[in-house]
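Below, each chain spelled out in residue letters.
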Amino acid sequence: MTRRLLLALAALATTHAAAAADPGTGANPSPATADAIVGAAAEVLSLEQERYRRLTLPVMVDGAGPFAFMIDTGSQATAITQEVRAALALPPAGTATLVGMASRRTVELANVERIDFGSNSFTNFTAPVLERTHVGADGILGLDALQDFRVLIDFRQQTIAVENAAETKPTGRFEIIVRARRKLGQLLITDALVEGVRATVIIDTGAQASLGNNALRERIRARRMSEVITTDVNGVDLTGELAFVRALTIEGLSLSNVPLTFADTPAFAALGLKDTPVLSLGMQHLAMFDRVAIDFAKQRVLFDVPPEVARALREAKRGNVIRPSM
């Protein structure tokens with residue numbers, strides 16, 4: 001019998017060339033290191049870029065491995081692939097309904113005793129079993145395994161820092177700190193503006209492209225540029241419409257000329273956001289920042305920007321009228 005509803009926002013690369021265009025940032029990398037941002041107690045793990053430009057890290061599963069797991073802040077559950085289950089002969093644990101960006105599908109579950117990433121572990125859980133071709137990695141490290149941690153992705157250094165949020169305090173300075181609210185495990189930023197329209201933002205490290213819903217598109221009257229196809233974790237294609245958004249603003253920082261794919265998805269509906277302007281911010285745009293930290297314990301998202309952008313933000317806060325942009 002199907003036991004529960006799971007949400008996974010990850011989507012593979014777009015298949016239309018127009019969607020691969022990234023706006024330039026004109027920013028120089030900051031000389032600071034990941035250790036200076038999250039503190040001496042943080043454990044810095046090397047990351048690898050996989051073929052869809054997302055990030056993976058080595059994970060041991062029941063003592064075997066390492067396997068390359070994608071870090072997915074848009075996925076409720078840590079998942080494994082059919083290949084990992086077969087190699088380790090993991091016992092079945094029933095089924096669940098998995099809601100992806102394009103579909104709802106019944107998937108098998110497997111019992112996992114333990115996974116280890118660095119010196120951190122997550123034990124005794126059931127994992128959805130997915131196809132590797134649809135995931136782009138050996139598995140997904142989801143929100144269930146990350147809830148007690150503060151995670152910093154350093155795009156310049158290609159590292160991730162993981163620390164226990166209950167035991168340590170972050171050090172260093174982030175120019176943008178955004179409070180978020182939790183829903184179905186996700187941290188939702190609710191005070192972002194897209195061309196002046198208030199929208200909810202989901203930080204989705206498991207997706208390459210950023211995706212908005214049609215409610216947002218209608219509010220900003222975005223003009224369609226081309227058709228884009230992405231594939232969700234269930235292997236189902238989602239057809240969306242690419243358009244360029246003039247400005248996406250988070251706490252005074254604006255991303256300009258932002259390419260967004262627009263479509264209505266079961267995942268947004270599962271979050272109760274079908275009729276509310278919403279977008280999931282994928283690696284396509286997260287990588288424009290030097291670093292992005294996700295503090296699940298304190299329900300906030302922190303953004304580290306290049307030095308010249310940071311100076312502009314500080315000047316804007318002192319009363320200047322120029323709004324910094326990337």
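Predicted model only: the values in this text are computed from it and were never measured.

Chemist: Just checking my understanding: could you explain empty space enclosed by the protein for this structure?
Modeler: Empty space left among the atoms is revealed by rolling a probe the size of a water molecule over them. For the coordinates displayed, the defined rule picks out two cavities of 30 Å³ or more. The calculated volume of the second largest cavity comes to roughly 40 Å³. In terms of lining, the second largest cavity is formed by Thr73, Leu143, Leu187, Ile203, Ile294, Phe296 and Val301. Across the lining of the second largest cavity, the residue classes tally to six nonpolar, one polar and no charged.

Chemist: Just to check I follow, could you spell out the nonpolar core for this structure?
Modeler: Within soluble globular proteins, side chains that are nonpolar generally end up buried alongside one another. Core analysis: the biggest nonpolar cluster contains 63 residues, and Ile115, Ile203 and Phe303 have the highest contact counts within it. Here this core takes five residues from strand S20 (residues 253–262), the largest share from any one element. Other than its neighbours up to four places away in sequence, phenylalanine 303 contacts Phe174, Glu175, Ile176, Val178, Ile189, Ile203, Ile250, Leu286, Phe289, Arg291 and Val292. In terms of nonpolar packing, the next biggest core, distinct from the first, is built from 16 residues, Ile202, Leu211, Leu238 and Leu273 among them.

Chemist: In this structure, what is going on with the environment of leucine 6? I would like to understand it.
Modeler: Mapped onto the elements of the fold, leucine 6 is located in strand S1 (residues 2–7). Owing to a relative accessible area of 3%, leucine 6 belongs among the buried residues under this scheme. Considered as a pair, leucine 6 and alanine 267 are 261 residues apart in the sequence and their alpha carbons are 9.6 Å apart.

Chemist: What should I look at first to understand the pattern of salt bridges in this one?
Modeler: Pairs can form between side chains of opposite charge whenever their charged atoms are close. Overall, the coordinates contain ten salt bridges when judged by the stated rule. Among the ionic pairs, aspartate 295 bridges to arginine 150, the shortest N-O distance being 2.9 Å. Taken together, the positions of aspartate 295 in strand S22 (residues 291–295) and arginine 150 in strand S11 (residues 149–154) put the pair 145 residues apart, joining distant regions of the chain. Residue class for aspartate 295 comes out buried when judged on its relative accessible area of 0%. Across the pair aspartate 304 and arginine 291 runs a salt bridge whose closest N-O atoms are separated by 2.5 Å. With aspartate 304 in strand S23 (residues 300–304) and arginine 291 in strand S22, this pair connects stretches of sequence that are 13 residues apart. Judged by relative accessible area, arginine 291 falls into the buried class, the value being 0%. One salt-bridge network, held together by shared partners, links Asp154, Asp290, Arg291 and Asp304.

The rules behind each value
- Residues numbered from 1 in each chain as written.
- Predicted model: local features only at pLDDT ≥ 70, side-chain atom pairs only at ≥ 80, totals over all residues.
- Heavy atoms only, no water.
- 1 Å grid on protein atoms, 1.4 Å probe; cavity = no way out; pocket = protein on both sides within 12 Å on 5 of 7 lines; lining within 4 Å.
- Points joined across faces, edges and corners; volume = space filled by probe spheres on them.
- Nonpolar A, V, L, I, M, F, W, Y, C, P; charged D, E, K, R; others polar.
- Core = buried A, V, L, I, M, F, W, Y, C linked by side-chain atoms within 4.5 Å.
- Buried < 20%, exposed > 50% of the residue type's maximum accessible area, 1.4 Å probe, protein only.
- Helix = DSSP H or I, 4+ residues; strand = E, 2+ residues; numbered from the N terminus.
- Contact = heavy atoms within 4.5 Å.
- Salt bridge = Lys/Arg side-chain N within 4 Å of Asp/Glu carboxyl O.

Distances and angles like these do not, on their own, reveal function.
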